[in-house]
Amino acid sequence: GPDDSYFVWKKNGQKMKTCITEQSHMLFDGRMHVLSWVKDSVSENTDYKCSFISKVGNTSSEVLITVEDKGSAGQEGWTKEFDSWRSAISEHDKMMQNWKKTW
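Not measured: the values here are computed from a predicted model.

J.: Describe the environment of tyrosine 6, listing the residues and the values that go with them.
T.: Looking at where tyrosine 6 falls in the secondary structure, it is placed in strand 1 (residues 6-11). Take tyrosine 6: its relative accessible area is 45%, and that puts it in the partly exposed class. When the C-alpha positions of tyrosine 6 and isoleucine 53 are compared, they lie 5.4 Å apart, and in sequence the two are 47 residues distant. When neighbours within four sequence positions are excluded, tyrosine 6 is seen to be in contact with Ser51, Phe52 and Ile53.

Printed below as a string of structure tokens:
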């Protein structure tokens, strides 16, 4: 990402200021690898939008989190999926830390 780049997170259309994590790592060719995510809990359907903004251009990603009743049949599947995502983020964090040590 360019030097002037930054993230804007919105939850149900409102700008978020907390629960946001960002990581960046300079690549060998001078480019920057950047990643941002939020840790949040919701009790109702929630729309998240992440925008990456810079002088070069902008891009956005949006997702709707749908909350189901705890007693619903899909809860077990969601728990496994959540564990997979948590594992992926953890692995990415370890990879970034190793890259920092290497570079």
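J.: Now, about a positive patch on the surface: what can you tell me, with residues and values included?
T.: There is a patch of like positive charges on the surface, built from Lys10, Lys15, Lys17 and Lys49. Classification of lysine 15 by relative accessible area gives exposed; the value is 56%.

J.: Just give me the short version of the nonpolar core, but keep the residues and values in it.
T.: Phe7, Trp9, Met16, Tyr48, Cys50 and Phe52 together form the largest nonpolar core, which totals six residues. Elements represented by at least two residues in this core include exactly strand 1 and strand 5 (46-53). A total of three residues in this core trace back to one element, the largest contributor, which is strand 5.

About the criteria used
- Residues numbered from 1 in each chain as written.
- Predicted model: local features only at pLDDT ≥ 70, side-chain atom pairs only at ≥ 80, totals over all residues.
- Heavy atoms only, no water.
- Helix = DSSP H or I, 4+ residues; strand = E, 2+ residues; numbered from the N terminus.
- Buried < 20%, exposed > 50% of the residue type's maximum accessible area, 1.4 Å probe, protein only.
- Contact = heavy atoms within 4.5 Å.
- Patch = residues over 30% accessible without salt bridge, like charges linked within 9 Å, V, L, I, M, F, W, Y side chains within 5 Å.
- Areas by Shrake-Rupley, 256 points an atom, 1.4 Å probe, with all protein chains shown as cover.
- Salt bridge = Lys/Arg side-chain N within 4 Å of Asp/Glu carboxyl O.
- Lys, Arg positive; Asp, Glu negative; His and termini not counted.
- Charge placed at Lys NZ, Arg CZ, Asp CG, Glu CD.
- Core = buried A, V, L, I, M, F, W, Y, C linked by side-chain atoms within 4.5 Å.

What is shown is where atoms sit, not what they do.
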